[in-house]
Every structure is written in C-alpha cells, then in structure tokens.
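Results of the structural survey
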Amino acid sequence: MTSPFDGLAKGYVQNIPFVKQNRKTIANLVGLVTNGLLLLVGLPLSGAWQVGVAIAIQGLFTVAAWLVPNAITAQQAQELDEYVGRHRQAD
C-alpha cells in the first residue's frame, strides 16, 4: 500500500538549500577566515592584543555555531523513511 508519506523525509532533505544544510560549517569557516585575516594583518603591526581578539572571535563563532540548530542529513532522512515504512507494513 502506497502512502503520501512514503519518502517524505528524503524529499524534505532534497529541498533544503545548501546554506541551510551546512550552516554550522559555514559559521565556523567565517570565524576561521576572520581570525586568519586578523592575525595576518594585525600581528606584524602591533602584536599581543590581536591574539586576544582572535581568541575572543573564535570563542564567539564557536558559541554561535553551537547555538545554530542542526539540519536533518540525507542519512537520517533515509533511516527515518525506512523506520516509518517498516512500521507501516506491520499494520
């Protein structure tokens, strides 16, 4: 018996934009690039305070990435669809 819910999670994951699917990675990369630029530009000019600012920026981006909710992955969607399918067949 076919249901309109078959493959629902897989279809949902396929329609998630790339940025939304990978937002934690993007947030961490932005923090890394920001720190790299700060250290490359700032350290030769004056020194020690840039290291403190870089550590603070990395901490800020780490906390920000931690607060961003996870997106469902393709593997999780497949497992969810299989789980729902098994239990629907049992009925």
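We now turn to the structure provided with this report. (Residues numbered from 1 in each chain as written. Predicted model: local features only at pLDDT ≥ 70, side-chain atom pairs only at ≥ 80, totals over all residues. Heavy atoms only, no water.)

What follows is about helix 4 (residues 48-67). The terminal C-alpha atoms of helix 4 lie 29 Å apart, and with 20 residues this matches the ideal 28 Å at 1.5 Å per residue to within 8%. Of the residues making up helix 4, those classed as buried are Gln50, Ala54, Ile57 and Ala65. Mapping the buried residues of helix 4 onto a view down its axis gives an arc of 70°, with all of them on the same face. Opposite its buried face, helix 4 presents the exposed residues Ala48, Trp49, Ile55, Ala56, Leu60, Trp66 and Leu67, each directed more than 90 degrees away. Along its buried surface, helix 4 packs onto helix 3 (23-42). (Helix = DSSP H or I, 4+ residues; strand = E, 2+ residues; numbered from the N terminus. Expected span 1.5 Å × (residues − 1). Buried < 20%, exposed > 50% of the residue type's maximum accessible area, 1.4 Å probe, protein only. Arc of directions from axis to C-beta. Contact = heavy atoms within 4.5 Å.)

A contiguous nonpolar surface patch, about 380 Å² in accessible area, is contributed by Phe18, Val19, Ile26 and Val30. Going through the elements one at a time, helix 2 (18-21) and helix 3 are the ones with two or more residues in the nonpolar patch. Position of Val30 among the secondary structure elements: in helix 3. (Patch = residues over 30% accessible without salt bridge, like charges linked within 9 Å, V, L, I, M, F, W, Y side chains within 5 Å. Areas by Shrake-Rupley, 256 points an atom, 1.4 Å probe, with all protein chains shown as cover. Salt bridge = Lys/Arg side-chain N within 4 Å of Asp/Glu carboxyl O.)

On to helix 3. Between its first and last C-alpha atoms helix 3 spans 28 Å; for 20 residues at 1.5 Å apiece the expected length is 28 Å, and the two agree. Here helix 3 has its buried residues at Ala27, Gly31, Asn35 and Gly42. Down the axis, helix 3 shows its buried residues gathered within 70° of arc, on one side only. Residues of helix 3 that are exposed and point over 90 degrees away from its buried face: Leu32, Val33, Leu37, Leu40 and Val41.

Everything listed here is a matter of geometry and, on its own, says nothing about what the molecule does.
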